[in-house]
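Coordinates in review
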Amino acid sequence: MGLGVTWAIDWLQLSARKMAEHRVELIELDRAIGDSDHGENMDRGFQAVLEKLTESAPDTPGAALKLAAMALMSKVGGAAGPLYGTAYLRASTALGPQEDIDAAALAAALAAARDGIVARGKAEPGDKTMVDAWTPAVEAANEAVALGADAVAVLAAAAEAAEVGAVTTDPLVARKGRASYLGERSAGHRDPGAVSTALLLRAAATAAGFPDGEQA
Amino acid sequence: MTVALVVVSHSARIAEGAVELAGQMAPDVQIFAAGGTEDGRIGTSFELVLAAFESALDSAAGAGVVVLTDLGSAVMTAEAAVEFCSAPQDVLLADAPLVEGLVAAGVAAQGGADAAAVKGAASAVRFGDAGGSTGVVGPDGATPDGGAQRSAAPAAPRESGEFVLVNAAGIHARPAARIAGGLAGLDAEVTVNGVDGTSVMELMALAVGQGGTLTVEARGKDAAKAVAYVRRLVEEGFGEK
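In every chain, residue numbers begin from 1 and rise along the written sequence. Labels are handed out in written order, letters beginning with A for the chains and numbers beginning with 1 for the ligands. Given that the model is predicted, a residue must reach a pLDDT of at least 70 before its local features are reported, and side-chain atom pairs must reach 80 or more before they are shown or counted; all residues, however, enter totals for whole chains, interfaces and linings. Side-chain descriptors were evaluated using all non-hydrogen atoms of the structure, hydrogens and water having been removed beforehand.

The name an unreviewed UniProt entry gives chain B is Phosphocarrier protein HPr, with Arthrobacter cupressi as the organism. Word for word, the UniProt comment on chain B under Subunit (unreviewed entry) is "Homodimer. The dihydroxyacetone kinase complex is composed of a homodimer of DhaM, a homodimer of DhaK and the subunit DhaL." UniProt positions are given in the numbering used here, feature names are shortened, and annotations may be inferred rather than shown by experiment. Turning to chain B, the UniProt annotation filed under Catalytic activity (unreviewed entry) states: "dihydroxyacetone + phosphoenolpyruvate = dihydroxyacetone phosphate + pyruvate".

An unreviewed UniProt entry annotates chain A as Dihydroxyacetone kinase, C-terminal domain originating from Arthrobacter cupressi.

Written out as structure tokens, the structure is:
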């Protein structure tokens, strides 16, 4: 039993709630090494996703992600807009018209999203960007699939790995994006894009029914 | 059909100004500005960029679209818009300085170049190279070491001429664009005072004033046409006083 459009819509709605809840935290992180707009931008972007969801009801997970991609691309702005927009679009394309997403399809969609971000942003692991959350998430998802995990467990593994990945950005010196202008001074701060990625993937697992460790 | 151009900038005024400038030199080329955010702030708007791409694709009617961008996330927004647009294979991003690249692209498009050659003309203008292009691309997309130039082998006809400038302003942007635009459409390798006759930037850099001389040397099938073309422009004072 895989995940359907209900999961996808729940995920996007929960993502919007998480971005609103963590708006100030993301702003603070971005203030240290960026231009302090990440929290604002992500919150605005996902509010736009919610609006689009009230205008039209997608009938497949892929369609839901495509709708989100358009909204994020248009409303997030800066570099995060094209990056997340591309990620959701590539994931949507990978899922195609499937109505029921199994573990392997989910892992493939996560990989497609990560590949889109890498293609767009030209960042590599270790550059202190959202790639440092996405790459371990994709690897964990693939390992879970290999071990026979179901779709929910794949998302849980991806979320867990993304959270660890975000923490590992703390000591890194930024080599991409606005933070790279700070050079060595970017070390000692967590990358806001990696944090938002971890929040979004955690929301995906929670929406799939995996118990949320953060709060009840 | 003529290749259409799009300018993506963080600033609406930069985009519009660049379009205005290039339009002087490429009056028949459709150039679309996508600068700033929807609410007039500094930034790039995915929706504005995508809309400009679609308008440009419509007006180019299959001839293709070449895009010039300014800094950082403008490139990223443009790349994403290519992926989302209705004909990704028809939209080419040029890696070039915005203003110089746009002018070079405009002149190439005005001369009838295809999309790959228009992109090549823009990309040949390098950052920090005020002299302009070294890798000039002809209207058929051929590079100097490519096939088109081999037809201009030693046996090819040669023509030359010397013309004294009569217009008061001499060689400035518009005359340079008219010379380059016309020569780009001919099958000939042409130099003007030693620089590439199809490069607006190099011609402008000559800065020859009224009373100065243009020495045109052409080689290839259309060599005579090329020299005659420059003669006519000079004699007409480029349509100026």
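Here we come to the overall build of chain A. Every helix listed is a DSSP run of H or I at least four residues long, and every strand listed is a run of E at least two residues long, numbered separately from the N terminus. Broken down by element type, chain A carries 9 helices and 0 strands. We take the radius of gyration over the C-alpha atoms and set the globule estimate at 2.2 Å times the residue count to the 0.38 power. Whereas a compact globule of 216 residues would reach a radius of gyration of roughly 17 Å, chain A reaches 16 Å, a difference of no more than 12%. Dimensions of chain A, computed from the C-alpha atoms along their principal axes, are close to 50 × 40 × 35 Å. Relative accessible area decides the class of each residue, using a 1.4 Å probe on protein chains only: under 20% of the type maximum gives buried, over 50% gives exposed, and in between gives partly exposed. Each of the 216 residues in chain A was classed as buried or not, and the buried ones make up 54%.

As a further point, take the packing of helix 4 (residues 98-110) of chain B against helix 5 (residues 115-123) of chain B. Residues and elements named next belong to chain B. One way to put it is that helix 4 packs onto helix 5 with a least axis distance of 7 Å and a crossing angle of 145 degrees. As helix 4 packs across helix 5, the resulting crossing turns out to be right-handed. Along its contact with helix 4, which presents Gly101, Ala104, Ala105, Ala108 and Ala109, the element helix 5 presents Val118, Ala121 and Ala122. The residue inventory of the contact of helix 4 with helix 5, partitioned by class, reads 7 nonpolar, 1 polar and no charged. A fitted line through C-alpha atoms serves as each axis, taken over the contacting stretch for helices, and the angle formed by two N-to-C directions is quoted from 0 to 180°. For a crossing to be left-handed, the near helix must be turned anticlockwise from the far one by less than a right angle; the clockwise case is right-handed. Contact between two residues is taken to exist if any of their heavy atoms lie within 4.5 Å; hydrogens are not considered. Residue polarity follows a fixed list, in which Ala, Val, Leu, Ile, Met, Phe, Trp, Tyr, Cys and Pro are nonpolar, Asp, Glu, Lys and Arg are charged, and the others, Gly among them, are polar.

Bringing the nonpolar core into the picture now. As used here, the term nonpolar core means buried Ala, Val, Leu, Ile, Met, Phe, Trp, Tyr and Cys residues forming a set that is joined through side-chain atoms within 4.5 Å. Trp7, Phe46 and Tyr88 of chain A together with Phe53 of chain B are the most contacted members of the largest nonpolar core, which has 94 residues in total. A per-element tally of this core places helix 9 (residues 192-207) of chain A first, with 10 residues. Once residues within four sequence positions are removed from consideration, Trp7 of chain A is found in contact with Leu106, Leu155, Ala204, Ala207 and Ala208 of chain A. Formed by 32 residues, the second largest nonpolar core is a distinct cluster that contains Ala173, Val200, Leu214 and Val216 of chain B.

Interhelical geometry of helix 5 (residues 80-95) of chain A versus helix 3 (residues 73-84) of chain B gives an angle of 25 degrees and a closest axis separation of 9 Å. Taken together, the axes of helix 5 of chain A and helix 3 of chain B are roughly parallel relative to one another. Seen from above, helix 5 of chain A lies across helix 3 of chain B with left-handed handedness. Seen from helix 5 of chain A, the contacting residues are Pro82, Leu83, Gly85, Thr86, Leu89 and Arg90 of chain A; seen from helix 3 of chain B, they are Met76, Thr77, Ala80, Glu83 and Phe84 of chain B. Grouping the constituent residues of the contact of helix 5 of chain A with helix 3 of chain B by class yields 6 nonpolar, 3 polar and 2 charged. Every angle not falling under 35 degrees, over 145, or within 65 to 115 is termed oblique; those three ranges are roughly parallel, roughly antiparallel and roughly perpendicular.

With that settled, the discussion passes to the domain arrangement of chain B. Residues and elements named next belong to chain B. Here the domain parsing of chain B yields domain 1 (4-123) and domain 2 (151-239). How far each domain reaches was decided by an automatic or database domain assignment. Here the C-alpha centre of domain 2 lies 28 Å away from the C-alpha centre of domain 1. At the junction of the two partners, domain 1 supplies 6 residues and domain 2 supplies 8 residues. The junction of domain 1 with domain 2 conceals about 620 Å² of combined surface from both sides, 79% of it contributed by carbon and sulfur atoms. The term salt bridge refers to a side-chain nitrogen of Lys or Arg lying within 4 Å of a carboxyl oxygen of Asp or Glu. Seen at the junction of domain 1 and domain 2, the total is 0 salt bridges. By definition, the buried area sums, over both parts, the 1.4 Å-probe accessible area that each loses when the two are put together.

With that settled, the discussion passes to the packing of aromatic side chains. Centre-to-centre distance and the angle between the planes together describe a pair of aromatic rings. In summary, the pairing rule links any two rings of Phe, Tyr or Trp, Trp by its six-membered ring, whose centres are within 6.5 Å, and it sorts them by plane angle into stacked for under 30 degrees, edge-to-face for over 60 and tilted for everything else. Applying the stated criterion across every chain yields a total of 4 aromatic pairs over all chains. Consider the rings of Trp7 of chain A and Trp11 of chain A, whose centres lie 5.4 Å apart with planes at 20 degrees: the pair is stacked. Highlighted residues: Trp7 of chain A and Trp11 of chain A, both in helix 1 (residues 5-21), separated by 4 residues, approximately one helical turn. Of the two residues, Trp7 of chain A and Trp11 of chain A, neither departs from the other in class, the shared state being buried. A centroid spacing of 5.2 Å and a plane angle of 75 degrees characterise the contact between Phe46 of chain B and Phe84 of chain B, whose relative ring orientation is edge-to-face. Highlighted residues: Phe46 of chain B in helix 2 (residues 46-60) and Phe84 of chain B in helix 3, separated in sequence by 38 residues. Just as Phe46 of chain B is buried, Phe84 of chain B falls in that class too. In this structure an aromatic cluster arises from ring pairing among Trp7, Trp11, Phe46 and Tyr88 of chain A.

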